[in-house]
Amino acid sequence: MKFAILIHGAPYSHQASRSGYLFTRAALAMGHEIYRVFFYHDGVYNANQSSVAPQDEADIQNEWATLGKEHQLDMVICISSSLRRGMLDATEAERYEKTGISVSPQFNVSGLGQLIDAGINADRLITFGA
């Protein structure tokens, strides 16, 4: 089965991120395909490479980045949500003349069209968070 995953929650303030990560990892382990993981609203914070998790907690951002790299996942953060929250990749930092780049290179910044495309091309769109 081909899944598209939608994550609405931030990594440490909502269970959505961790649940979505565990579901995605389990689906891959069972041989399913992940068409795209789309991070929306506060879910864009999962792409924050500047965040540092305490030693006794799971590093959810790093877990997503590692999973994406290992499985060549298409992981997209919503451009509107990311700009509102100061989450910039190199392109957006240059466009808005900002110095900080906070988006991990494993994630792509794009629009809602990528979510629509994922919903059309996947067998199931699974949403985590509200």
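Residues numbered from 1 in each chain as written. Predicted model: local features only at pLDDT ≥ 70, side-chain atom pairs only at ≥ 80, totals over all residues. Heavy atoms only, no water.

J.: Which parts of the structure should I look at to understand the side chain of S82?
T.: Among the structural elements, S82 can be located in helix α3 (residues 79-84). For S82, a relative accessible area of 0% translates into the label buried. A polar contact is formed between the side chain of S82 and the backbone oxygen of I79, at a distance of 2.9 Å. (Helix = DSSP H or I, 4+ residues; strand = E, 2+ residues; numbered from the N terminus. Buried < 20%, exposed > 50% of the residue type's maximum accessible area, 1.4 Å probe, protein only. Polar contact = N/O pair within 3.5 Å; in protein donor to acceptor, adjacent residues only side chain to side chain.)

J.: Honestly, unusual backbone geometry in this entry has me stumped. Any pointers?
T.: In most cases, non-glycine residues show a negative phi, while peptide bonds are predominantly trans. Even without being glycine, H41 reaches a positive phi, approximately 50°. Positive phi, normally seen in glycine, also occurs at Q72, with a value near 50°. Tracing the backbone shows Q72 in the loop between α2 (60-71) and β3 (75-78).

J.: Is there a simple way to think about the nonpolar core in this case?
T.: Among soluble globular proteins, nonpolar side chains are generally buried collectively. Among the nonpolar cores identified, the biggest contains 24 residues, and I34, V37, F39, W64, I77 and F107 are the most heavily contacted of them. Where this core is concerned, the elements lending two or more residues are β1 (2-7), α1 (16-29), β2 (33-39), α2, β3 and β4 (107-110). Excluding its chain neighbours within four sequence positions, the residues that come into contact with W64 are I7, S17, G20, Y21, T24, V37, F39, N46, M75 and F107. Counting six residues, the second largest nonpolar core, distinct from the first, contains L6, Y40, V76 and C78. (Core = buried A, V, L, I, M, F, W, Y, C linked by side-chain atoms within 4.5 Å. Contact = heavy atoms within 4.5 Å.)

J.: I'm lost on the sheet that holds strand β5 (residues 124-128) in this one. Help?
T.: Whether parallel or antiparallel, the strands of a sheet pair through hydrogen bonds between backbone atoms. Spatially, β4-β3-β2-β1-β5 is the arrangement adopted by the five strands of the open sheet, whose pairing is parallel. In this open sheet, the two strands that pair with only one neighbour each are β4 and β5. Shown here is a sheet whose adjacent strand axes are inclined to one another by a mean of 25°, direction ignored. Both β3 and β4 contribute to a ladder of four bridges, which runs parallel. For V76, the partnering residue across the bridge sits in β4 and is N108. Lying over the sheet, α2 contacts β1, β2, β3 and β4, oriented at roughly 135° with respect to β3. (Pairing = 2+ DSSP bridges. Axes fitted to C-alpha atoms, helices over the stretch in contact; angles between N-to-C directions.)

J.: Just checking my understanding: could you explain the side chain of S104 for this structure?
T.: For S104, the position within the fold is in the loop between α4 (90-95) and β4. The residues touching S104, leaving out its near neighbours within four places in the chain, are A47, Q49 and A65.

J.: Please explain the pairing of β2 as it appears in this structure.
T.: Looking down a regular strand, the side chains alternate between one sheet face and the other. A large share of β2 lies buried, amounting to five of its seven residues. Looking at chain direction, β1 and β2 are connected through six bridges and run parallel. Paired with A4 across the bridge in β2 is R36. Handedness of the β1-α1-β2 crossover: right-handed. As judged from the three bridges shared by β2 and β3, these two strands associate in the parallel manner. Bridging across to β3, V37 finds its partner in M75. (Right-handed = clockwise from strand over helix to strand, strands pointing away.)

J.: Is there a simple way to think about the packing of aromatic side chains in this case?
T.: How two aromatic rings sit relative to each other is given by the distance of their centres and the angle of their planes. If you walk through the whole model with that rule in mind, you get six aromatic pairs. With a centroid separation of 6.2 Å and 50° between ring planes, the pair formed by F38 and Y40 is classed as tilted. Neither F38 nor Y40 differs from the other in exposure class; each is buried. Judged by centre distance (5.4 Å) and plane angle (65°), the ring pair of F39 and F107 falls under edge-to-face. Highlighted residues: F39 in strand β2 and F107 in strand β4, separated in sequence by 68 residues. Comparing F39 with F107 shows no difference in burial state: the two are buried. (Phe/Tyr/Trp six-rings, centres within 6.5 Å; stacked < 30°, edge-to-face > 60°.)

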